[in-house]
Amino acid sequence: MLLPASEPDPAEALRGLLEKHRWLAIVRDVETQRARESVGALIEARVPLIEVTLTTPAALEIVAESRASAAQAGVTLGVGSVLSADAARGSVGAGAQFLVTPHTEPAIVSAVQGQAGVLLGALTPTEIVLAAASGAAAVKLFPAAVGGPDYLRAVLAALRGVAVVPTGGVTASNAGAFLESGAIAVAVGAWLTQDPDLVSQRAAEMYDALSARRPEPR
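### With respect to the packing of helix α2 (residues 32-44) against helix α3 (residues 59-73)
Between α2 and α3, whose axes approach to 10 Å, the crossing angle comes to 15°. Looking at the two axes, α2 sits roughly parallel to α3. Between α2 and α3 lies a crossing whose hand is right-handed. Of the residues in α3, those touching α2 at T32, A35, R36, V39 and I43 are E61, I62, E65, S66, S69, A70 and A73. In the contact of α2 with α3, the residues fall into six nonpolar, three polar and three charged.

### Quick look at the environment of A163
Within the secondary structure layout, A163 lies in the loop between α7 (148-158) and β7 (164-166). With relative accessibility at 5%, the residue A163 sits in the buried group. Separated by 67 residues in sequence, A163 and A96 place their C-alpha atoms 21 Å apart. Those residues in contact with A163, other than ones at most four positions away along the chain, are R15, A137, A138, V139 and I184.

### Considerations on the nonpolar core
With 60 residues, the main nonpolar core has W23, L42, I50, L99, I128, V186 and M206 as its most contacted residues. If you look at the next biggest cluster of nonpolar residues, it comprises 16 residues, including A11, L14, F98 and I184.

### Quick word on α7
Regarding α7, the residues found buried are G148, L152, V155 and L156. Summarising the axial view, the buried residues of α7 lie within an arc of 95°, below the 170-degree limit, and thus occupy one face. Turned more than 90 degrees off the buried face of α7, the exposed positions are D150, A154 and A158. Looking at the buried positions of α7, the neighbouring elements they touch are α6 (125-133), β6 (138-141), β7 and α8 (175-180).

### Digging into the packing of aromatic side chains
As enumerated under the stated definition, the model contains one aromatic pair in all. If you follow K140 out to its NZ or CZ, it ends over the ring of F142, 4.6 Å from the centre.

### Here we look at the confidence of the model for the chain
The predicted model of the chain averages 92 in pLDDT, with 94% of residues at 70 or higher. In the model, residues 1-5 has pLDDT below 50 throughout and makes zero contacts with residues more than four positions away in sequence or in other chains. With pLDDT under 50 throughout, residues 213-218 is counted as low confidence; its partners more than four residues away or in other chains account for 14 contacts.

### Some points on the side chain of R22
Position of R22 relative to the elements: it lies in the loop between α1 (10-21) and β1 (23-27). No salt bridge is formed by the buried R22; the nearest opposite charge belongs to E180, separated by 8.2 Å. Only 2.7 Å separates the side chain of R22 from the backbone oxygen of L210, close enough to count as a polar contact.

### As for helix α4 (residues 85-93)
The periodicity of an α-helix, 3.6 residues per turn, causes residues three or four places apart in sequence to face the same way. Every buried residue of α4 is accounted for by A85, A88, S91 and V92. All buried residues of α4 lie within an arc of 125° about the axis, which places them on one face of the element. In α4, the exposed residues that point more than 90 degrees away from the buried face are D86 and G93. Close packing links the buried residues of α4 with α3, β3 (76-80), β4 (98-100) and α5 (106-111). Backbone geometry just after α4 places G95 at a positive phi near 115°.

### Describing the pattern of salt bridges
A complete count under the given rule lists five salt bridges for this structure. Among the salt bridges present, the one from R153 reaches D150, with a minimum N-O distance of 2.9 Å. Placement of both R153 and D150 in helix α7 is noted, with a separation of three residues, approximately one turn of the helix. On the accessibility criterion, R153 (42% relative accessible area) is partly exposed. One continuous salt-bridge network, built from bridges that share partners, spans R36, E61 and E65.

Cut-offs and rules
For every chain, the first residue of the written sequence is number 1, and numbering continues from 1 onward in sequence order. Only residues with pLDDT of at least 70 are given local features in this predicted model, and only at 80 or more are side-chain atom pairs given and counted; all residues enter the totals for whole chains, interfaces and linings. Only hydrogens and water are set aside when side-chain values are computed; all heavy atoms of the structure are taken into account. Only C-alpha atoms enter the line fits that serve as axes; for helices the fit covers just the stretch in contact. Angles between N-to-C directions range over 0 to 180 degrees. Helix and strand labels come from DSSP, where a helix needs a run of H or I of at least four residues and a strand needs a run of E of at least two; each type is numbered from the N terminus. Here the angle decides the label: under 35 degrees means roughly parallel, over 145 means roughly antiparallel, 65 to 115 means roughly perpendicular, and every other value means oblique. Rotating anticlockwise by less than a right angle from the far helix to the near helix defines a left-handed crossing, while the corresponding clockwise rotation defines a right-handed one. Whether two residues are in contact is decided by their heavy atoms: any pair within 4.5 Å suffices. Any residue that is not Ala, Val, Leu, Ile, Met, Phe, Trp, Tyr, Cys, Pro, Asp, Glu, Lys or Arg is counted as polar, Gly included; the first ten are nonpolar and the last four charged. For each residue, the accessible area found with a 1.4 Å probe, counting protein chains only, is set against the maximum for its type, and the residue is called buried under 20%, exposed over 50%, and partly exposed in between. The set of buried Ala, Val, Leu, Ile, Met, Phe, Trp, Tyr and Cys residues whose side-chain atoms join them within 4.5 Å is what this entry labels a nonpolar core. This arc describes the spread of directions from the helix axis toward the C-beta atoms. Side-chain rings of Phe, Tyr and Trp (the six-membered ring for Trp) are treated as a pair once their centres are within 6.5 Å; stacked means planes under 30 degrees apart, edge-to-face means over 60, and tilted covers the remaining angles. By the criterion adopted, a ring carries a charge over it if an Arg CZ or a Lys NZ lies within 6 Å of its centre and within 35 degrees of its normal. As a per-residue measure, pLDDT tells how confident the predictor is, with possible values from 0 to 100. Under this rule, positive means Lys or Arg and negative means Asp or Glu; His and the chain ends count for nothing. Each salt bridge in this description consists of a side-chain nitrogen of Lys or Arg and a carboxyl oxygen of Asp or Glu lying within 4 Å of one another. The term polar contact refers here to a pair of N or O atoms within 3.5 Å; inside protein, the definition further demands a hydrogen-donor-capable atom paired with an acceptor-capable atom, and it admits residues adjacent in sequence only when both atoms are side-chain atoms.

Next comes the structure, spelled out in structure tokens:
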């Protein structure tokens, strides 16, 4: 008798997507119509993972209305700037497939366990260890621009095997350096999405940068 196939763990699925594609896009702090245009342009450009932050007006509405077109394009949609367990549950209810936080709050992971993978934000080694131990799919290093690739390399020299996604100040010009320093992926925000008219061009620049500077396996 064949047993029914088990559903993939959302945290493992999210980490797998990050390791495969090595980047995600963030739509943050723009007015509603520009956010819609940016999300639409990112989907059209087949950017693999898109995060819409709760600091963006109508973020959950935009995610809900974009799910069908994203699924058709093979794009995964998530919600960022999640600050509480209640916000996490509400985001999943609106259709978020993954969640991102700016801080280290293990209760958020517990609130949506089995429903959505979570990137927990952290900066210090202590926060990074706590986030990784909480069951997060990966640790969002934020704000990554503070220490840059050198800081990430130094941290991972001591914390080997931790999956880290630098966020904050990442562009096509430094994405490769973060990956070479040990990141499994990078998250790209304002540089990519602030101007909807530039999204397609800058998404192409990201693809070029990532293909041109592939990190050696760790």
